[in-house]
Amino acid sequence: MAASQLKDLLIHELGDLLYAEQLILKMLGTLTREVKNPEMLARVQEHIGETEEQIERLRRAFEAVGEKAKAETCEAAVGLKAEHDSFKKDENPSKQLLEAFDLGNSLRVEHYEIAGYRSAIAVATAMGEREVTALLGESLREEEAMASFIERNSVRALKSLSLGMDLAAGEAEVQFTPEGGSSRGSGGSKSSGGGSKSGGSKSGSKSSGGSKSGGSKSGGSKSAGRSSGGSSSTAERSSGSGSKSGGSKSSGGSKSSGGSKSGGSKSGGSKSSGGSKSGGSKSGGSKSGGSKSGSRSRG
């Protein structure tokens, strides 16, 4: 007999939903074997209980309109299951990639169920079937909550799964943490240490004036003395600590009389200011130790 009343359409919708829920219950059982993320797995197991209750509500909805519960083939649900099965068979995915696929497939299933319940509720509401509307509305809220859960957590779950997708065959799989994160089960840590390199420091002293300046060389440091005021410089050599002082160059016309002796001052570049001759200034014996020389003579 041809369907001609809203009741006929409602019976069709209820039968379609009943078939879909029974098939999806089997799909959820498959998910529990494929999903390793503990948070997702716990939610799938919870939804199995909800789906069983949804099937019972559909039977009660049939009774509310005076009909015997009868499932009608739902081609959409059949197609959703076939999509999962063909991906698993034809693509031969890794465990992590299959679990990632299951997230999207599950979301499609939930949205199909949401659409089916909303459609049936609209028909029941138009018919004034309040009990049917209430029963289907309760199941609708559960499907919406499940879809929302998947949407909220899928990106984080996918990121965790991606950590294990590049593992070579035979290595440990990704181990999920209670917080929903993940860590690699195997792998070596690599540490690299860098050696420090020290280079000799260079110090340059400049004398402007008329005094002699001596550059000392000690422990890898190099000092060069330069006078720009007309004094001549003598090469000074320190024999106490193995340091070597390099002679400084002077340009100009004035001469310093009386070579400066080095006695106890540290070696480095000495700086002299002024423009007059230096007259026999003494600066103790120079001592070398890799530091600057600090003797300064003023003309």
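Going by the structure above, here's the rest.
A brief look at the structure comes next. (Residues numbered from 1 in each chain as written. Predicted model: local features only at pLDDT ≥ 70, side-chain atom pairs only at ≥ 80, totals over all residues. Heavy atoms only, no water.)

## Focus: the overall build of the chain
A tally of helices and strands in the chain yields five helices and seven strands. From first element to last, N terminus to C terminus, the chain shows the α and β order α-α-α-α-α-β-β-β-β-β-β-β. The burial tally for the chain puts 38% of its 299 residues in the buried class. Put simply, of all contacts in the chain between residues at least 6 apart along the chain, 61% involve residues at least 24 apart. In the form shown here, the chain has an accessible surface area of approximately 16,800 Å², with 49% of it arising from carbon and sulfur atoms. (Helix = DSSP H or I, 4+ residues; strand = E, 2+ residues; numbered from the N terminus. Buried < 20%, exposed > 50% of the residue type's maximum accessible area, 1.4 Å probe, protein only. Contact = heavy atoms within 4.5 Å. Areas by Shrake-Rupley, 256 points an atom, 1.4 Å probe, with all protein chains shown as cover.)

## Details of the nonpolar core
The biggest cluster of nonpolar side chains holds 22 residues, and the ones touching the most others in it are Ile24, Leu28 and Met40. Elements that contribute at least two residues to this core include exactly helix H1 (6-34), helix H2 (38-64), helix H3 (75-90), helix H4 (95-127) and helix H5 (130-165). In terms of residue count, H1 provides more of this core than any other element does, six residues in total. (Core = buried A, V, L, I, M, F, W, Y, C linked by side-chain atoms within 4.5 Å.)

## Thoughts on the pattern of salt bridges
Per the counting criterion, the structure on display carries 11 salt bridges. Residues Glu67 and Lys7 are paired through a salt bridge, measuring 3.5 Å at the closest nitrogen-oxygen approach. In this pair, Glu67 is assigned in the loop between H2 and H3 and Lys7 in helix H1, connecting sequence segments 60 residues apart. Across the pair Arg43 and Glu50 runs a salt bridge, and its minimum N-O distance is 3.6 Å. By relative accessible area, Glu50 is classed as buried at 15%. Here the salt bridges do not stand alone but share partners, grouping Arg43, Glu46 and Glu50 into one network. (Salt bridge = Lys/Arg side-chain N within 4 Å of Asp/Glu carboxyl O.)

The analysis is restricted to geometry; functional conclusions fall outside its scope.
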